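# Descriptive analysis of the structure
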Amino acid sequence: MSGAGFGHFAAVLAELERLGEPERGGEPTDAEGLIRVEHLPARAARHADTALPLPPSVRDRLGVADLWSHQARALDLVRQGHSVAIATGTASGKSLVYQAAIGDAAHVAATAGDAPGAPANALLLFPTKALAHDQLRALTELDLPGVVAAAYDGDSSPEERTWVRRNATVVFTNPDMLHVGMLPAHARWATFLRNLRYVVVDELHTLRGIFGSHVAHVLRRLRRLCAFYGSDPTFVFCSATIGRPAHLAAALSGLDVTEILDDGAPRGDRYVALFNPPLLDARTGARESTTRLTAAITAALVGADHRTIAFTRSRRATEVVAAEVARRLPPADAGLVRPYRAGYLATERRAIEAELFSGRLKGVVATSALELGVDIGGLDASVMSGFPGTIASLWQQIGRAGRRTGPSLAVLVAGTDQLDQYLMTHPDEVFTRPPEPAVVNPANPFVLDPQLACAAFEQPLTSDDAVWWGDLLDDGVRRLVLADRLRFRPVRVLRRGASTEGDEPKVAAVWSGRGDPAPDIGLRSGSGGEIRIALPSGVLVGTVDSARAAATVHPGASYLHQGQAYRVQLLDYDDRAAIVEPDNGATTTRPRSSSDLDLLGTDRTRQVGALTLSLGPVAVRSQVVGYQRTDSFTGEVIENVDLELPPSTLVTRSFWYTFDAGVVAASGVSPERLPGALHALEHAAIGLLPLFTICDRWDVGGISTLWLDDTGAPTVAIYDGYPGGAGVAELGFDAADRHLAATLAAIEACGCLAGCPSCVQSPKCGNGNEPLDKAGAVALLRAGLSIPRPPWWPTR
């Protein structure tokens, strides 16, 4: 390997080679150690001018001599009133686009005609308060003339909120606060909404699934109220690189959106190394600890004076890796590496960010809190402890390192699950696979109906509101009327300030409930019924759908929230609460459950090889009957506990495969082995699904059965884990050919004998990973995809 900056990291890459040497002795196999180092050449900046020059007072405050080409194109479109989705690389200056647009609009408003005009307001939405405050500081430091910026969120005092409503021209908030704190009280925001010019939605790629489906309705409610007050804001979406960003932005907003993908920002030489922990036992697939190796690689980078960020999957892992890195460094350098995670006080997080930005820290070990766009300055290297779940997230984490002119190194240390090991045996996929698309499902009735109830509380719903909700409006209103949550009556609904002369009342659906419905509707829930997860003191930790509560927060469960471990003490369905206490995370739990599935209809059907694939609504009935507690690090079983919990039913979306008698016969799998083969295939397919849609394996479930009455054949079903579905089943259906081929490749590439977490075992299996038949799964997939079995592969 050679390249302009390779010598810069030569010592570290040599250390990676050493760490890849197996303890068992001998040379490493092709599937362990340093698998690959890819050189991504440096890229020069491409500049462009805007069609209309920015006012000097704005351009000077922005502090840039020239705009990059994507910034200039996006700014031209935004100033012309066209909504855009900017999905360029990390540190490509996306925020400058909306900062410039806001400053330009303020300048125009202040200098229009003989007297200053109305202010040009902007509303900026961020997924976290930390990111919103980070961007607020960045905009405030520019000191753009006519711009008064402030945050409006759960941390704002009543006095601060009043001041913001009366004085701010730019408001930084989050979708939750917009939903529950601003839209229901829109009369207080009348002046702000009347003059709203821009809506900025940052970190677009996080608005997916159930959360994104809710946000799609929140943004429609916002646009509806803006129209009521006489404004029609332009939207600016900013995103990490994802598949089809404009499609997602359009689904969220209901607008035509132009995507900006051609990145004109410069980038230095980048090296990406793929490292697979050495095998400890080829028969079982056991490997050396990903966490320990992440610490060793991070210490080597920091020791070589490379400023480094390491990403881990949990708070506990963050602390463990940071402590191990410090132990490996000389005493004088041990204090130059800090952990960074959610759960720290805001002042602690800000102090760490400032130390990173200034260069006083050499390293930080973080959860995904720093995957988002918090500005931490230039870093030399990033280390990822396990594949972060999607190609999009992987490149987001890789992009956190690398100055615009100097070289950078990123190291992916693989975990043991299916996705990690698939990429280690197919390394080209890391560099050639396009980012996955993110999807939302605004039609989900469990999301649509409560959001329409909120809209009706804000303003009565009429047939004119089809402009915002289309064909969804009638069905949703009908369901709400039948549930006595809305009632029809004649009303006058006018745009604020419009004349009432000659206007006839319209039949409208008005809110008939008590009080504002928004506080009872969580944006991360797919059903009207949520279980609150709280500490004994009453402090809210999180929420979970009631349909998922038994599997997630049953008594004794280990519950992980934003990397912090908790132990569930009580699950009370009557009070709709689960009481938890902080836990050290030394153990994990896996529920034991029984489940069955009913098909409620078939929307689409097609052939995938010799298999029949279908898509439609399903009802999943499940009952948690107990759980197994294991040691988090060794996997040793500590105890098995029986539970008596009520059964639950989840109505959701699914895609399912049927295996007819011809496919089963062609596979050569005997009837005795068929349940294990189907079960193993189900696990592997779920494990690989995030390669084809931005989702987490914990967001989906599966059922495999030797016989399903509704299909009359052996069946494997993969279903969305949220009531009503979040769009994952549809993407799985569309990607089935590639998905099954990748599933087969992942199982065949694993060198274990009977199955392991890298191929067919699942950490969430309700049956304790029994029965599983790895060879049978391969035989079924080969027969189903019409791929001949190799003569050496056992099937009996």
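Residues numbered from 1 in each chain as written. Predicted model: local features only at pLDDT ≥ 70, side-chain atom pairs only at ≥ 80, totals over all residues. Heavy atoms only, no water.

Let us look at the packing of aromatic side chains. With the rule as written, the count across this model stands at seven aromatic pairs. With a centroid separation of 4.9 Å and 80° between ring planes, the pair formed by Phe228 and Tyr229 is classed as edge-to-face. Pairing Trp395 with Phe431 gives two aromatic rings, centres 6.3 Å apart and planes at 70°, and the pair type is edge-to-face. Of this pair, Trp395 sits in helix 15 (residues 391-398) while Phe431 is found in helix 17 (residues 428-432), placing the two residues 36 residues apart along the sequence. Given a relative accessible area of 24%, Trp395 falls into the partly exposed group. Of the aromatic side chains, those joined through ring pairs into one cluster are Tyr152, Trp189 and Phe192. One cation-aromatic arrangement involves Arg524 over Phe211; the distance from NZ or CZ to the ring centre is 4.0 Å. (Phe/Tyr/Trp six-rings, centres within 6.5 Å; stacked < 30°, edge-to-face > 60°. Helix = DSSP H or I, 4+ residues; strand = E, 2+ residues; numbered from the N terminus. Buried < 20%, exposed > 50% of the residue type's maximum accessible area, 1.4 Å probe, protein only. Lys NZ or Arg CZ within 6 Å of the ring centre and 35° of its normal.)

Attention now moves to unusual backbone geometry. Here Glu770 and Pro771 are connected by a cis peptide whose omega angle stands at -10°. Within the secondary structure, Pro771 sits in the loop between helix 25 (736-749) and helix 26 (774-784). Even without glycine at this site, Arg244 takes up a positive phi of about 50°. Inspection of the secondary structure puts Arg244 in the loop between strand 9 (234-238) and helix 10 (245-253). Under the relative-accessibility criterion, Arg244 is labelled partly exposed at 42%. Residue Asp305 is not a glycine yet carries a positive backbone phi of 70°. Residue position: Asp305 is located in the loop between helix 11 (290-303) and strand 14 (308-311). Exposure remark for Asp305: the relative accessible area of 52% places this residue in the exposed category.

This brings us to the confidence of the model for the protein chain. For any part of a model where pLDDT is low, the fine detail of the predicted coordinates should not be relied upon. Averaged over all residues, the pLDDT of the protein chain is 89; the fraction at 70 or higher stands at 92%. Across residues 1-5 the pLDDT falls below 50, and counting only partners more than four positions away or on other chains, this stretch makes 13 contacts in the model. (pLDDT = per-residue confidence, 0-100. Contact = heavy atoms within 4.5 Å.)

Time to look at the nonpolar core. In this structure, Leu123, Leu193, Leu222, Phe237 and Leu252 are the most contacted members of the largest nonpolar core, which totals 45 residues. Elements with a contribution of two residues or more to this core: strand 5 (121-125), helix 7 (175-182), helix 8 (190-194), strand 8 (196-201), helix 9 (209-229), strand 9 and helix 10. Among the elements that line this core, the one with the most residues is helix 9, at 10 residues. Apart from the residues within four sequence positions on either side, Leu222 is in contact with Leu123, Leu178, Leu183, Leu193, Leu196, Val199 and Phe235. (Core = buried A, V, L, I, M, F, W, Y, C linked by side-chain atoms within 4.5 Å.)

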